[in-house]
Structures are given as structure tokens and as C-alpha cells.
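The primary structure of each chain is shown beneath.
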Amino acid sequence: MSVRVRQHVNPLSQKFQQGVSLPDWERCYGNLQAPLHLDIGAARGRFLLELAPLRPDWNFLGLEIREPLVAAALGDRDRLNLANLHFLFCNANLSLAQILASLPTGIVQYVTLQFPDPWFKKRHQKRRVVQPELVQALAAAIAPGATILLQSDVEEVATAMVDCFQDHGAFTPQAQTWLPANPLPVPTEREIATLKRGDPVYRQVFTRNP
């Protein structure tokens, strides 16, 4: 099903300042105690819709600020009968800590932040998803040893994300340079399009310190 929505939305606008409506997680997943992969900025959900069937022993949760995309992704999940996948409409910059606190302790073991809106103008950079508060929410909740994958096709944005995680102190990068390949078996649509143009993807992986 094709869904047309605005490509970029301002997470600081009044429209997106309402709190998240949390589901009953026991009803979302067949096994709530399985390790959880959290995808922040899931868009239409196609990345997780492809990845979840490959890893049935994991649960997957996609967060997305554009509600029509969440509804479409949930419809696709239901058609595929995936009991290890859920999508949630929310503003991650506002509600991430609340979402993480509602989940069983320590189950978040993988986090992806892939190709977020770049917001190039300096006065708009406070709209970017990776902010110190978001990094702190992850540091407080995810399991020691958990993995965080950052990807962007804009080097400035990728560098800013990396700097934010390095500045916190709770995370260690796995490499000192950009990673040459995606460590996951499924690329996002944006990654496919970027590589098809012959443009670089800037990647880094962090580990949550013990």
C-alpha cells in the first residue's frame, strides 16, 4: 500500500508535543523477554519488515513520528503475520525515555539510527533526532554490551551523531574510521539509493560500556 506524507516534519512543533500512548507489550510480542532491536525513525518500516523474519529469536520495535507511515507498517506486519515486530507512533525526542522505561529491563540490545533528517540550517539543527537527551535516555536503559548503528549519507550529520555519542562517555566506537559496509543483512531504502548513485554512506557502530 502506498502512503503519501511529508518527507520532513518538525519534531518541535506543537502538533508533536503530545505524550506517547504505550501499548501492552505482552500483546505486541509472542515472547517479550527476547532481545529487542530498536529502530528510531522507522519511516515506512520496510527495513524492519525484512529484518524481523530473518531473526525470529529477536523482537523488533520501530519508532516513527509520521502516524500514517506507522499505520501502513502495522498493516504490512499483520499481513506478514510477524509476532516479533511492532511499530509505534511517537516523537522519540520527547518520549524515548518513557518508552524504554516501560519495557523489561535490559532487553534492548541493538539500536539503529539510520539516515535521519539532516536539517542543514544551523537554526534548525535542534530538530535533529540525535540530541544529548536522546543519547542519555539510551545510556540509562539499554543493556551493557548493546550495539548502536549510526548511518547517514550526509557526513556532517554522521559526524554530529558520532560526536554526541562519544561526548556522553557511556559508549565506545568499534572503529576509528567510517565503517566500509553495513553490519546488518538488510539495507534501508535510502542506503540502497545512495549506493546506487555511487555516493558514500557514513557509518559507525558504538557499544554500550559495561
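Here the structure is a predicted model, which is why all the values come from computation and not from measurement. (Residues numbered from 1 in each chain as written. Predicted model: local features only at pLDDT ≥ 70, side-chain atom pairs only at ≥ 80, totals over all residues. Heavy atoms only, no water.)

Draft legend 1. Expanded view of the side chain of Q151. Its place among the elements puts Q151 in strand β5 (residues 147-152). Among the polar contacts listed, one links the side chain of Q151 to the side chain of R203, at a separation of 2.7 Å. Dropping the residues within four chain positions of it, Q151 is found in contact with L113, Q114, F115, P116, M161, N182, E191, V201, Y202 and R203. (Helix = DSSP H or I, 4+ residues; strand = E, 2+ residues; numbered from the N terminus. Polar contact = N/O pair within 3.5 Å; in protein donor to acceptor, adjacent residues only side chain to side chain. Contact = heavy atoms within 4.5 Å.)

Draft legend 2. Geometry of the packing of helix α5 (residues 132-141) against helix α6 (residues 155-168). Contact geometry for α5 and α6: axes closest at 10 Å, N-to-C directions at 55 degrees. With respect to α6, the axis of α5 lies oblique. The handedness of the crossing between α5 and α6 comes out as right-handed. Facing α5, whose interface residues are P132, V135, Q136, L138 and A139, α6 presents C164, F165 and H168. The residue inventory of the contact of α5 with α6, partitioned by class, reads six nonpolar, two polar and no charged. (Axes fitted to C-alpha atoms, helices over the stretch in contact; angles between N-to-C directions. Parallel < 35°, antiparallel > 145°, perpendicular 65-115°, else oblique. Left-handed = near helix turned anticlockwise from the far one by under 90°. Nonpolar A, V, L, I, M, F, W, Y, C, P; charged D, E, K, R; others polar.)

Draft legend 3. Molecular detail of the packing of aromatic side chains. Under the defined criterion, the tally for this structure stands at four aromatic pairs. Centroid distance F165 to F171: 5.2 Å. Interplanar angle 80 degrees. Geometry classified as edge-to-face. Taking relative accessible area as the criterion, F165 reaches 0% and is therefore assigned buried. Note that R208 overlies the ring of F171, its terminal NZ or CZ placed 5.9 Å from the centroid. (Phe/Tyr/Trp six-rings, centres within 6.5 Å; stacked < 30°, edge-to-face > 60°. Buried < 20%, exposed > 50% of the residue type's maximum accessible area, 1.4 Å probe, protein only. Lys NZ or Arg CZ within 6 Å of the ring centre and 35° of its normal.)

Draft legend 4. View of the nonpolar core. Judged by nonpolar contacts, the single largest core of 39 residues is most densely connected at L38, I40, L63, L138, F165 and F171. Mapped by element, the contributors of at least two residues to this core are α1 (25-28), β1 (36-40), β2 (59-64), α4 (92-102), β4 (108-114), α5, β5 and α6. At five residues, α5 tops the list of elements feeding residues into this core. For I40, the contacting residues outside a window of four places in its chain are L63, A92, L96, V111, T112, L113, Q114, V129 and L138. In this structure, F47, A52, Y110 and L184 belong to the second largest nonpolar core, which totals 20 residues. (Core = buried A, V, L, I, M, F, W, Y, C linked by side-chain atoms within 4.5 Å.)

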